[in-house]
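Each chain, letter by letter, is given below.
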Amino acid sequence: MSIPPRPLSTPPRSPSIQPDPSNVPPVGDLPTSELTRHGGRALDWIAAYLDHPERYPVLARVRPGELRAALPAQAPDAGEPLARILDDFEQLIVPAVTHWNHPGFLAYFGITGSIPGILGELLAAALNVNAMLWRTAPAATELEEVALGWLRDLLGLPAAFAGSIQDTASASSMVALAAAREAVPGLEARTRGLLGRPDQAPLVLYLSTEAHSSIDKAAIALGLGTDSLSKVATDPDYRMDVADLERRIAADRAAGKRPFAVVATVGTTSTTSIDPVPAIAAVCGRERLWLHVDAAYGGSAAVVPELRHILDGCQYADSLVVNPHKWLFTPMDCSALYCRRPSVLTGAFRLTPEYLRTTEAEAEATNLMDWGVSLGRRFRALKLWMVMRAYGREGLAARIREHLRLARIAATAVDAAADLERLAPVPFSTVCFRARPPDLAGQEDQEGVRLHLNALNAATLEAVNGTGEVFLSHTVLRERTTLRIAIGNLRTEERHVARALALVREHAARLDREQRPTALGRKP
Ligand code: PLP
């Protein structure tokens, strides 16, 4: 490992024909002096941006097509100076950005492009390795193994779990379910496909009605079709109803179908509910079904020792996905896919044409191309490794605890406000609630009230997001339009959460006055 770098020396001139500089554009890269000069400006810009993200409206104030119209339709014939390109970045591109790194970004799941992560991305771009084979990227391959081993231990997952980094949870889940499909005895989907197989009963994949749409997409991509999905009911707290799961499996078997996998979610997208994984794992064990756990958002919380229990039962999972790019402060994109029996997964995807054959022994050298569809892979492990080192286990846990604290503050404030109503438990850092004028409480059996509350909350969301101070998103829970405050950015403070709630209350009160149908009566 101690190969000394070769001394810098002038390379010998090749005898090739020299191009005539008068009529040929320059070749080769820009001089590195350009990198230091403009890189310095870019880093200064980044530092100022991270120091003052609130200078920008969090939600881009552009209409569809506006940026396109502001930019030339064609690439320039002659290269342009980097200074001018950076000017345009600041003047044209940044105004069209929705700022996920803004502390008021409370929509979907808040995320952070952290400083160690940004440095990791910069260095990965400079190295520009393609981690398809161990040989093409020994550092990226082995750092991926090390970083995923660290993360696995931080989350308290079993040592037997081996992983790879995918771009997104959507890709991770698709790859995991391809492995599940491959594990079905006698199916041989890899070689024989799924079409024209009268010898095979239709496969069934179980997930709750709250599971993420990426699972539906995986079924589409894997040729299972959405008809293969069985959506299990949830309990009042939006967790998978295990009795309904068992009933469905029994009914499907009786109907001659072939159950093959269950997806449980730790931190569902709408409410962040946690499916009862231990009970689901027991069903999967009994029924011989592949258990995939989608912990894309919630899984990161297990770095907090007192929250380890959220992954209870996951030691029995066949595969599990957690996204460091969601709640572990790693810039987009970075999704960790773990597998209890990696050979099943790599068996589904391994395919080595002659031009990719190498002499490294399979047992010693991982080829990351075997872990999914893509051959080429970015050096994503570098940023994850840098984030884990820069914050450490305690630092990561403290940061997640802070987000949990902010969410508790938001939930308590919602519960205390007569004009707000909380609509789901808060196991993590996301609060689901709505504006509900106090005089309409308990009147939802009237259709007019239901419709008004939904319209009021939709209009409130637009008005609040229009301020540029915060950005919230919505969902629908039991036919009620629901607002979400999702805390995941390292720069979010108590004041941002308080401001979000104040804006919701202010705009909802105004809109209720302006828009309440007369049939419902006026506010007292
Ligand atoms: N799973 C869950 C529970 C999610 O909430 C999301 C996105 O929010 C996904 C999967 C998809 O994540 P990705 O964007 O990484 O594909």
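None of these values were measured; they are calculated from a predicted model.

S.K.: Explain the overall build of the protein to me, please; I cannot follow it from the model alone.
M.R.: Looking only at helices and strands, the protein has 15 helices and 11 strands in total. On C-alpha atoms alone, the protein measures out to a radius of gyration of 26 Å, which is about the 24 Å that the 2.2 N^0.38 rule sets for 524 residues. Its C-alpha atoms put the protein at 90 × 60 × 45 Å along the principal axes. The long-range share in the protein, meaning contacts at least 24 apart out of those at least 6 apart in sequence, stands at 73%. Taking the average place of the 57 positive charges on the side chains of the protein and the average place of its 59 negative ones, the gap between the two points comes to 2 Å.

S.K.: Would you mind showing me how to read the packing of helix H5 (residues 138-155) against helix H13 (residues 381-416) here?
M.R.: Any two packed helices are characterised by how steeply their axes cross, that is the angle between the axes, and by the distance between the axes. The geometry of H5 relative to H13 is characterised by a closest axis approach of 9 Å and an angle of 25° between their N-to-C directions. Judged by the inter-axis angle, H5 sits roughly parallel to H13. Where H5 crosses over H13, the handedness of that crossing is left-handed. Seen from H5, the contacting residues are Ala140, Leu143, Glu144, Ala147, Leu148, Trp150, Leu151 and Leu154; seen from H13, they are Ala381, Leu382, Leu384, Trp385, Met388, Arg389, Arg393 and Leu396. Its residues assigned to classes, the contact of H5 with H13 comprises 13 nonpolar, no polar and 3 charged.

S.K.: Where do I start with helix H4 (residues 115-127) in this structure?
M.R.: Residues that lie three or four places apart on an α-helix share one face, since the helix turns once every 3.6 residues. Between its first and last C-alpha atoms H4 spans 19 Å; for 13 residues at 1.5 Å apiece the expected length is 18 Å, and the two agree. Within H4, the full set of buried residues consists of Pro116, Gly117, Gly120, Glu121 and Ala124. Seen along its axis, H4 keeps its buried residues to an arc of 140°; they face one direction. Turned more than 90 degrees off the buried face of H4, the exposed positions are Ala125 and Ala126. Once H4 finishes, Asn128 follows within two positions and takes phi at roughly 50°, a positive value.

S.K.: Honestly, the pairing of strand S1 (residues 162-166) in this entry has me stumped. Any pointers?
M.R.: Taking burial as the measure, the 5 residues of S1 include 4 buried ones, the bulk of the element. Bridge analysis of S1 against strand S7 (residues 335-339) gives 5 bridges, and the strand direction is antiparallel. Each residue of the ladder has a partner; that of Ala162, found in S7, is Cys339.

S.K.: How do you make sense of the site of the ligand when you look at a structure like this?
M.R.: What surrounds the ligand is a group of 13 residues, the closest being Ala169, Ser170, Thr269, Asp294 and Asn323. Contact distances for the ligand include 2.6 Å between a nitrogen atom and a side-chain N or O atom of Asp294. Taking Asn323, its side chain carries an N or O atom lying 2.8 Å from an oxygen atom of the ligand. Counting residues per element, the ones that place at least two in the shell around the ligand are helix H6 (169-182) and helix H11 (324-327). The residue inventory of the shell around the ligand, partitioned by class, reads 3 nonpolar, 8 polar and 2 charged.

S.K.: Whenever I open this one, unusual backbone geometry confuses me. Can you help?
M.R.: It is generally the case that most residues other than glycine have a negative phi and that most peptide bonds are trans. The amide bond that connects Met332 to the next residue, Asp333, takes the cis arrangement and shows omega of -5°. With respect to the secondary-structure elements, Asp333 resides in the loop between H11 and S7. Within the chain, Phe329 stands out as a residue other than glycine whose phi angle is a positive 60°. Summarising the element assignment, Phe329 is placed in the loop between H11 and S7. On the basis of relative accessible area, Phe329 is assigned to the buried category, the value being 0%. Residues other than glycine seldom take positive phi values, yet Arg478 does so here, at roughly 45°. Residue class for Arg478 comes out partly exposed when judged on its relative accessible area of 44%.

What counts, and where the lines are drawn
Residues numbered from 1 in each chain as written. Predicted model: local features only at pLDDT ≥ 70, side-chain atom pairs only at ≥ 80, totals over all residues. Heavy atoms only, no water. Helix = DSSP H or I, 4+ residues; strand = E, 2+ residues; numbered from the N terminus. Rg over C-alpha atoms; globule rule 2.2 N^0.38 Å. Contact = heavy atoms within 4.5 Å. Lys, Arg positive; Asp, Glu negative; His and termini not counted. Charge placed at Lys NZ, Arg CZ, Asp CG, Glu CD. Axes fitted to C-alpha atoms, helices over the stretch in contact; angles between N-to-C directions. Parallel < 35°, antiparallel > 145°, perpendicular 65-115°, else oblique. Left-handed = near helix turned anticlockwise from the far one by under 90°. Nonpolar A, V, L, I, M, F, W, Y, C, P; charged D, E, K, R; others polar. Expected span 1.5 Å × (residues − 1). Buried < 20%, exposed > 50% of the residue type's maximum accessible area, 1.4 Å probe, protein only. Arc of directions from axis to C-beta. Pairing = 2+ DSSP bridges. Near = heavy atom within 4 Å. Polar contact = N/O pair within 3.5 Å; in protein donor to acceptor, adjacent residues only side chain to side chain.

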